Amino acid sequence: MLVLDDADVRRLLDPGTAIAAVRESLAAHQAGGLIAPARLHAGLGGGELYFTVGRLVGTAYGFRTYDTMPTSDGDQITAVYDDTTGRLIGAITGDFLGAARTGAIGAVAVDVLARPDAGSLGLIGSGRQAWTQLWAIHAVRPLREVRVFSRDAGRREAFAQRARDELGLPASAVADARDAVFGADIVVLATSSRQPVIQTGWVSSGAHVTTLGPKLKGGNECPADLADRADVIVTDSVAQVGAYAGPFFLDPPAAERMVALGAEVAGAAKARESSEQITLFCSVGLAGTEIAVAAALLRAAGS
């Protein structure tokens, strides 16, 4: 049995492997081959312990656990079992796997929803989730320009420098959110803000928008009226959207138009039909995708 930590995952996992595993999982979910219930949680007094569980039939099953406890540090563990033998293949500790999985989901969404010629990216946020979105998206679109904004000037400058150094991307930090978003082919919102971080009018015709942060009514980083301009609205987990404790930030007419990313991957749902349409992806975390990525990584590391 293998046990990998964050350092191992950063060294061994490339975007292509993560994206391939996620794409397979999404297609399997559409076909009934990925069992992906909404996440579970239990209160522990002062915080919550969360579990996501999933099974990719014929490949692996397992769980990931993380918490919101008020501790000085945090960790996660993902355990993966062989779907045929039931033997524990291995475990992965740390939090990079989960972020990389989310980045890979975002990249698949960009690949199937953004214009084929999309080459400019406006990124709001400079944390781990913003980084793994960029890490994965640059594997599905040749980015000619990356503009990043976050409230902390030092962090956005450091993020842009890292993108230039590690990914070889033409990235620059900009002074406000409008400068990042206006004219961008791809827009990614990766913040913890409970109020909109952009205005709908900043989003250009033909753009693709991904929102990763808070998505409850009264606490949402993406303006709800963007859905009125969006021709296609997609999420990775319809079940998770319906399982939130509070109401989803999109009103019923828009929410009812939302389709599963797996259906888009499988060609079973209407995707972009013109270069002028706006697409919106609400990333909520499809359970089981982290198991698929972990299984692919563990098997490659053990071969």
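Quick caveat, the model's predicted, so the values are computed rather than measured. (Residues numbered from 1 in each chain as written. Predicted model: local features only at pLDDT ≥ 70, side-chain atom pairs only at ≥ 80, totals over all residues. Heavy atoms only, no water.)

Peer 1: What exactly am I supposed to notice about the layout of surface pockets here?
Peer 2: Where empty space is left can be seen by rolling a probe of water-molecule size over the atoms. Estimated volume of the largest pocket: approximately 1,800 Å³. Of all the elements in the fold, those that place two or more residues in the lining of the largest pocket are β5 (60-67), α3 (96-113), α4 (128-137), β13 (215-216) and α8 (238-243). Top contributing element to the lining of the largest pocket by residue count: α3, with 4 residues. Here the residues of the lining of the largest pocket sort into 18 nonpolar, 20 polar and 12 charged. (1 Å grid on protein atoms, 1.4 Å probe; cavity = no way out; pocket = protein on both sides within 12 Å on 5 of 7 lines; lining within 4 Å. Points joined across faces, edges and corners; volume = space filled by probe spheres on them. Helix = DSSP H or I, 4+ residues; strand = E, 2+ residues; numbered from the N terminus. Nonpolar A, V, L, I, M, F, W, Y, C, P; charged D, E, K, R; others polar.)

Peer 1: It is not clear to me how the side chain of T52 should be interpreted in this structure. Could you clarify?
Peer 2: The residue T52 is located in strand β4 (residues 48-56) in this model. A distance of 2.4 Å separates the side chain of T52 from the side chain of E290, its partner in a polar contact. Beyond its immediate stretch of four places on either side in the chain, T52 contacts R39, G62, F63, R64, Y66, A287 and E290. (Polar contact = N/O pair within 3.5 Å; in protein donor to acceptor, adjacent residues only side chain to side chain. Contact = heavy atoms within 4.5 Å.)

Peer 1: Explanation requested: the side chain of S283 in the structure shown.
Peer 2: Inspection of the secondary structure assignment puts S283 in the loop between β17 (278-282) and α11 (289-302). Looking at S283, the relative accessible area reads 6%, which means it is buried. Once residues lying within four places of it in the same chain are set aside, the contact partners of S283 are T102, T211, L212, K215 and D236. (Buried < 20%, exposed > 50% of the residue type's maximum accessible area, 1.4 Å probe, protein only.)

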